Number of protein chains: 2
Amino acid sequence: MAETRRSYDQYCALALSLDRIGDRWTLLIVRELLIGPRRYTDLRTALPGIATNLLADRLRRLERDGIVALTTSEPGAARYELTSFGRELETPILALVRWGGRWLVEADPALQFRVEWLVIALRALLAGAADLPSIEFRVDGETMHARSVNEGIDVQLGPAPAPSVVITADRDSVMGVASSGLSLLDAVKRGHVQVVGDPKTVRAVDRALRHRTELRSRYRSADPG
Amino acid sequence: MAETRRSYDQYCALALSLDRIGDRWTLLIVRELLIGPRRYTDLRTALPGIATNLLADRLRRLERDGIVALTTSEPGAARYELTSFGRELETPILALVRWGGRWLVEADPALQFRVEWLVIALRALLAGAADLPSIEFRVDGETMHARSVNEGIDVQLGPAPAPSVVITADRDSVMGVASSGLSLLDAVKRGHVQVVGDPKTVRAVDRALRHRTELRSRYRSADPG
DNA sequence: CGGAATCCTCTTCGATACTG
DNA sequence: CAGTATCGAAGAGGATTCCG
């Protein structure tokens with residue numbers, strides 16, 4: 001009975017959030033479910049190192065808090081998926097991804113990696129980009145796509161319905177563009193990235209990838225009186 | 001020697017972020033420092049329940065990662081403060097505060113509370129508001145203020161230099177406005193909030209407080225192929 | 001008094017084994 | 001496939017002590 005959970009006991013929205021999603025592994029589970037619904041075993045393989053009892057415990061808590069739901073829509077294939085409330089965690093998570101991009105540069109390249117995580121990296125990168133043409137990405141055998149969807153950009157696994165631009169790249173080039181300010185066209189010149197599409201559209205994509213949503217640090221810290 | 005820290009070992013900006021700021025108490029320490037520089041003892045009293053060794057450990061790690069710095073500018077009063085990189089955590093943190101606002105409504109009102117935390121709540125609420133007049137808030141003996149600062153809103157402790165509007169309220173009214181959609185003018189009618197200022201300006205403040213930055217959930221989840 | 005280190009207990013995590 | 005059960009190892013919580 002893990003009914004006596006630790007709590008910060010603070011009347012503060014951040015502390016109350018962390019009481020629910022601050023435990024180890026929890027936000028990484030949410031990250032996986034932001035990519036798409038997943039079965040229990042999918043989550044286990046997508047989160048190397050998580051103990052099965054922890055996964056079960058976290059999922060139970062997330063269900064109880066209305067963040068995750070277990071759907072049995074398709075027979076015999078129960079899947080965990082985010083509720084609409086849980087999906088709203090995408091905004092803070094993508095903000096954290098943007099903040100943490102700096103660590104990618106100096107990270108050990110031997111760390112575990114799954115191509116699906118690029119979906120998250122691309123969402124973080126492209127959020128706020130305006131007028132993005134439909135793009136298909138092909139990275140290490142996996143296909144994903146980005147397209148404009150009512151005022152925002154949607155990035156999902158799978159091929160684009162009607163791509164204007166197709167980008168074929170390796171992991172490091174995508175991460176380089178997403179995190180360290182490498183421009184798409186420079187990456188092409190280096191030879192690890194191929195881009196197919198109308199040149200004008202390609203330039204628009206290059207611009208969108210540079211955009212890099214400069215919404216951060218709008219506040220100035222000043223010494224309080 | 002806590003030199004063998006747990007790591008997710010994932011090449012993903014979220015996991016790398018959580019390796020640094022995902023431990024218990026860490027983000028709450030950052031929250032305190034977002035309000036202003038703090039001495040070690042200030043942090044201890046502002047974070048009821050934190051063990052002193054944990055606070056020391058977390059601060060050391062935050063220093064090592066370039067998020068926090070110890071300044072000895074004023075003699076005899078060493079203070080911890082956020083670096084510019086650390087200040088960039090404000091964006092994800094305020095996003096989490098906005099997400100977690102729903103829990104405030106059903107939270108136990110007996111939870112620990114410090115008036116300074118309203119600075120964070122107000123920053124989360126007012127982010128993105130346009131053309132906000134200078135406002136002074138007086139809550140439970142503490143004074144804070146909000147004002148427009150190059151394209152953003154800045155909320156700090158202390159009185160406003162030249163307030164256009166002065167709002168006097170109790171904690172619950174501020175949290176009600178910040179989290180549960182209570183409008184300022186309704187709160188005034190209920191009698192727990194006094195507002196002093198030009199009526200037209202007050203209406204502008206009311207509008208800004210309703211604004212409630214609807215940047216979230218721009219993405220739609222769709223089943224991947 | 002500010003800023004910790006130490007010690008001890010309790011909880012949570014992690015790894016493996018096991019079950020409906 | 002989808003979890004429980006178990007158990008040793010870290011990590012957290014609280015009190016006390018130490019140092020400049």
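Notes on the structure follow. These numbers come from a predicted model, not from an experiment. (Residues numbered from 1 in each chain as written. Chains lettered and ligands numbered in written order. Predicted model: local features only at pLDDT ≥ 70, side-chain atom pairs only at ≥ 80, totals over all residues. Heavy atoms only, no water.)

## A few points about the nonpolar core
To be explicit about the condition: Remark: nonpolar core denotes a set of buried residues (Ala, Val, Leu, Ile, Met, Phe, Trp, Tyr, Cys) joined through side-chain atoms within 4.5 Å. Three exposure classes are used, based on accessible area relative to the maximum for each residue type with a 1.4 Å probe and protein chains only: buried under 20%, partly exposed in between, and exposed over 50%. We call two residues in contact when some of their heavy atoms are within 4.5 Å.
In this structure, I21(A), I67(A), M144(A), I21(B), I67(B), M144(B) and I167(B) are the most contacted members of the largest nonpolar core, which totals 146 residues. I21(A) has contacts with T26(A), L27(A), L62(A), I67(A), L89(A), L96(B) and W99(B), leaving out every residue within four places of it along the chain.

## Examining the packing of aromatic side chains
The relative placement of two aromatic rings is captured by the distance of their centres and the angle of their planes. Rules: Working definition: rings of Phe, Tyr and Trp (its six-membered ring) pair if their centres are within 6.5 Å, and the pair is stacked with planes under 30 degrees apart, edge-to-face with planes over 60 apart, and tilted otherwise. To qualify as a helix, a DSSP run of H or I must reach at least 4 residues; to qualify as a strand, a run of E must reach at least 2; elements of each kind are numbered from the N terminus. By the criterion adopted, a ring carries a charge over it if an Arg CZ or a Lys NZ lies within 6 Å of its centre and within 35 degrees of its normal.
Going through the model one piece at a time under the given rule, you end up with 12 aromatic pairs over all chains. A ring pair is formed by W99(B) and W103(B), whose centres lie 6.2 Å apart and whose planes are at 65°; its orientation type is edge-to-face. On the criterion of helical spacing, the pair formed by W99(B) and W103(B) is a turn pair, its members being four residues apart in helix α6 (residues 90-106). We note that W99(B), like W103(B), is buried. Both rings, one in F113(B) and one in W117(B), keep their centres 6.1 Å apart while their planes meet at 90°; by these two values the pair is edge-to-face. Judged by relative accessible area, which is 22%, F113(B) ranks as partly exposed. Residue W117(B) is classed as buried on the basis of its relative accessible area, which comes to 1%. Over the face of the ring belonging to W103(A) we find R20(B), whose NZ or CZ atom lies 4.1 Å from the ring centre.

## Quick look at the protein's contact with DNA strand D
Our working definition: We call a residue near a molecule or strand whenever a single non-hydrogen atom of that residue lies within 4 Å of it. Identification of polar contacts relies on pairs of N or O atoms within 3.5 Å, with a donor-acceptor requirement for protein atoms, meaning one able to donate a hydrogen and the other able to accept it, and with residues adjacent in sequence counted only if both atoms are side-chain atoms. Charged residues are taken to be Asp, Glu, Lys and Arg, nonpolar residues to be Ala, Val, Leu, Ile, Met, Phe, Trp, Tyr, Cys and Pro, and polar residues to be all remaining types, Gly included.
The immediate surroundings of DNA strand D are formed by 19 residues, with T41(A), Y80(A), R24(B), W25(B) and R58(B) found nearest. Close to the protein, within 4 Å, the atoms of DNA strand D are drawn from sugar and phosphate at a rate of 76%. Within the side chain of Y80(A), a nitrogen or oxygen atom sits 2.7 Å from a phosphate oxygen of DNA strand D. Secondary-structure elements contributing two or more residues to the surface near DNA strand D are α3 (40-46) and α4 (52-64) of chain A together with α4 (52-64) of chain B. Looking at the surface near DNA strand D residue by residue, the class counts come to seven nonpolar, six polar and six charged.

## Points about unusual backbone geometry
Residue and element names in this part refer to chain B. Although it is not a glycine, W25 adopts a positive phi angle of roughly 80°. Tracing the sequence through the fold places W25 in the loop between α1 (13-21) and α2 (26-35). Accessibility expressed as a relative area gives 6% for W25, which makes it buried. The backbone phi angle of D131 is positive, close to 55°, even though this residue is not glycine.

## Brief notes about the packing of helix α7 (residues 117-126) of chain B against helix α8 (residues 171-179) of chain B
All names here are of chain B. Rule in force here: Helix axes use the C-alpha atoms of the stretch in contact, all axes being lines fitted to C-alpha atoms, and the angles between their N-to-C directions lie in the range 0 to 180 degrees. The cut-offs work like this: below 35 degrees is roughly parallel, past 145 is roughly antiparallel, 65 to 115 is roughly perpendicular, and the gaps in between are oblique. The sense of a crossing depends on the near helix, which, turned anticlockwise from the far helix by less than a right angle, makes the crossing left-handed and, turned clockwise, makes it right-handed.
Interhelical geometry of α7 versus α8 gives an angle of 25° and a closest axis separation of 9 Å. The angle between α7 and α8 places the two elements in the roughly parallel class. Relative to α8, α7 is oriented so that their crossing is left-handed. When α7 is examined against α8, the residues L118, A121, L122 and L125 are found in contact with a partner set consisting of V174, M175, V177 and A178.

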